[in-house]
Each structure stands twice: as structure tokens, then as C-alpha cells.
Amino acid sequence: KAGVTQTPRYLIKTRGQQVTLSCSPISGHRSVSWYQQTPGQGLQFLFEYFSETQRNKGNFPGRFSGRQFSNSRSEMNVSTLELGDSALYLCASSWERTQYFGPGTRLLVL
Amino acid sequence: QKEVEQNSGPLSVPEGAIASLNCTYSDRGSQSFFWYRQYSGKSPELIMSIYSNGDKEDGRFTAQLNKASQYVSLLIRDSQPSDSATYLCAAGGRSDYKLSFGAGTTVTVRA
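One structure accompanies this document, and this report is about it. Not measured: the values here are computed from a predicted model. (Residues numbered from 1 in each chain as written. Chains lettered and ligands numbered in written order. Predicted model: local features only at pLDDT ≥ 70, side-chain atom pairs only at ≥ 80, totals over all residues. Heavy atoms only, no water.)

### Points about the overall build of chain B
Here is the rule we go by: A run of H or I in DSSP counts as a helix once it spans at least four residues, and a run of E counts as a strand once it spans at least two, with each numbered from the N terminus. This radius of gyration counts C-alpha atoms alone. The globule rule is 2.2 Å times how many residues there are, raised to the power 0.38. The cut-offs for exposure are 20% and 50% of the maximum accessible area for each residue type, with area from a 1.4 Å probe on protein chains only; residues under the lower value are buried, those over the upper are exposed, and the others partly exposed. A 1.4 Å probe and the Shrake-Rupley method give the accessible areas. Residues count as covered only by the protein chains that appear here. Charge assignment: positive for Lys and Arg, negative for Asp and Glu; neither His nor the chain ends contribute. One atom stands in for each charge, and that atom is NZ of Lys, CZ of Arg, CG of Asp or CD of Glu.
For chain B, the helix and strand inventory stands at zero helices and 11 strands. From first element to last, N terminus to C terminus, chain B shows the α and β order β-β-β-β-β-β-β-β-β-β-β. A compact globule built from 111 residues would reach a C-alpha radius of gyration of about 13 Å, and chain B, at 13 Å, matches this within 12%. Expressed along its principal axes, the backbone C-alpha trace of chain B runs to roughly 40 × 30 × 20 Å. Looking at the 111 residues of chain B, the share that counts as buried comes to 44%. Counting only carbon and sulfur atoms, one obtains 45% of the accessible surface of chain B, whose full area is about 5200 Å². Positive and negative side-chain charges in chain B, numbering 11 and 11 respectively, have mean positions lying 3 Å apart.

Structure representation (C-alpha cells):
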């Protein structure tokens, strides 16, 4: 089976802009989770979607949002970008309780 | 207090030795535990999952779980230079898919 795919792999944005990241889970996986990884905070949970519904949400401001489509593909959006949003954004596709990570999208905010 | 804490690194071991990684968690409701390996510049890769008290072995890797002590460990036997990476411990709930990660322990295997 193909693994989790994320697009784009790299992004450079400026403060105040918004960004949309995309994730395609492993075929047959219906749950998609998003994480932010930074050197200072490590890996932090953003949110999880299952069957187009957000089931869990981490402690991030409302500027961070997401959605899931009927084919299980998911997108996350960050509005009004701040310098501190520079990070590796990871999508994970789940089978039962096990999560498999995609390659990530590295976002740099200037 | 962080939900998941890992022993501070970095950990340097000679090739062929055993690397021992430790992790404690604070949420007694945690039911699922995972070890991920992350090479520099790459995404985390699942090594082991463990849900019940005791040991679970997979090749050169052994995970141990002690829910009473809220402790999870990972042993890497016959360490190879290719094992040099950051190892992340994660804990999850019974049914939710939110994982809490430790800060990671960086392991260097000296040839």
C-alpha cells in the first residue's frame, strides 16, 4: 500500500498570509491526525478527523483549522501566519490506534 | 509537568551494545504506547506499539510496559550505526487518537 502523502513538502510564506496543507491517508484508513513539530515544543497534537468529523482538538488557537473530505483526504489551514508557526507539520493516518506519519510539510514563515 | 517524559540524552553506545530508553507518562488513562524513530530531517517512523503490561519483542527491539509504575521502555539489542536517530515515546487514550509525545532521546551508535 502507498504510504501517507502530504503536499506541498516545503512552503515559504510571510507573516499575515494563510496556508493550506493537504494530506492523503493510507488507503482504507479513515482517521487523520495533524501534528506540529518544532525544536522548542516537540511534537504537539493539532486535531483528528474521522469520517469528516473533528473528534479531537489540541490546544492551538482558532487560526488553525482543518477538514476532512469523504475520501478521507484532509486539509489543514493556518490563517494570519505568525513567525512562530514555522514548523514541520505532520499528518498521521490511523488504523485502529496505530498512527503512521507522512513525510511532513516544512513551513517557514518570514 | 509534561504528560510524557523521556530520559534526557543524548545516548551514545558502541556498535553491538544494548541501548536502553525510558519513558514515563502522567495520565493513568493512557492505554496505548508507541515508540517512533525519527532520523534527522525525516518524519517519525513506527517501531513498536504496546498495550499490555509486560514485554513485547520485535527483532532487535523490545518494548516493556508497566502501567502501575506508568513506565515504558525500549531496548535496542545489537545496536547498529543505522539505529542512530531520535526515539520518540508516545502515549494515547483507550479510544481517542490523540497522542502525547515525549521530547525524544537522541541515540548515537559508535562504529
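Still to come is the rest of the account.
### Some remarks on unusual backbone geometry
All names here are of chain A. Each neighbour pair has its own omega, and for threonine 7 with proline 8 the value is -15°, a cis peptide bond. Take proline 8: it is sitting in the loop between strand E1 (5-7) and strand E2 (10-13). A positive phi angle is found at threonine 80, which is not glycine, with a value near 45°. Here threonine 80 lies in the loop between strand E8 (74-78) and strand E9 (87-95). Accessibility expressed as a relative area gives 47% for threonine 80, which makes it partly exposed.

### A word on the interface of chain A and chain B
Using the following cut-off: Residues count as neighbours in contact if any of their non-hydrogen atoms are within 4.5 Å of one another. When two components associate, each loses some accessible surface as probed by a 1.4 Å sphere; the sum of these losses over both components is called the buried area. Just to be clear on terms, a salt bridge is a Lys or Arg side-chain nitrogen sitting within 4 Å of an Asp or Glu carboxyl oxygen. Classes in brief: Ala, Val, Leu, Ile, Met, Phe, Trp, Tyr, Cys and Pro nonpolar; Asp, Glu, Lys and Arg charged; the others, Gly included, polar.
At the interface, 21 residues of chain A touch 19 residues of chain B. Counting each side, the surface lost to burial between chain A and chain B is near 1700 Å², with a carbon and sulfur contribution of 56%. Summed over the three residues of chain A that lose the most area to chain B, namely A:Leu43, A:Arg97 and A:Phe101, the buried surface amounts to 37% of that side. Counting across the chain A and chain B interface gives zero salt bridges. Looking at the side of chain A that touches chain B, the elements that each hand over two or more residues are strand E4 (31-38), strand E5 (42-50), strand E6 (53-57), E9 and strand E10 (98-101) of chain A. For the side of chain A that touches chain B, the residue count by class is eight nonpolar, eight polar and five charged.

### Things to note about the packing of aromatic side chains
What counts here: Only the six-membered ring of Trp is used, alongside the rings of Phe and Tyr, when aromatic pairs are assigned; centres must lie within 6.5 Å, and planes under 30 degrees apart are stacked while those over 60 apart are edge-to-face, with the rest tilted. Think of it as a cone above the ring: NZ of Lys or CZ of Arg counts as a charge over the ring if it is within 6 Å of the ring centre and within 35 degrees of the ring normal.
All told, the structure shown has 11 aromatic pairs over all chains when counted by the stated rule. Each ring, one from A:Phe101 and one from B:Tyr36, has its centre 5.3 Å from the other, and the planes form 80°; the classification is edge-to-face. Here A:Phe101, found in strand E10, pairs with B:Tyr36, found in strand E4 (residues 32-38), and the two come from separate chains. Comparing A:Phe101 with B:Tyr36 shows no difference in burial state: the two are buried. A cation over an aromatic ring shows up here: A:Arg55 above the ring of A:Phe50, its NZ or CZ 4.3 Å from the ring centre.

### Notes on the pairing of strand E8 (residues 71-76) of chain B
Residue and element names in this part refer to chain B. Which entries qualify depends on this criterion: Pairing between two strands requires that DSSP report at least two bridges joining them.
Both strand E3 (residues 19-25) and E8 contribute to a ladder of six bridges, which runs antiparallel. Paired with leucine 21 across the strands is leucine 74, a residue of E8. Relative to E8, strand E7 (residues 61-66) is paired through six bridges, and the arrangement is antiparallel. Looking across to E8, one finds that glutamine 64 is bridged to serine 73.

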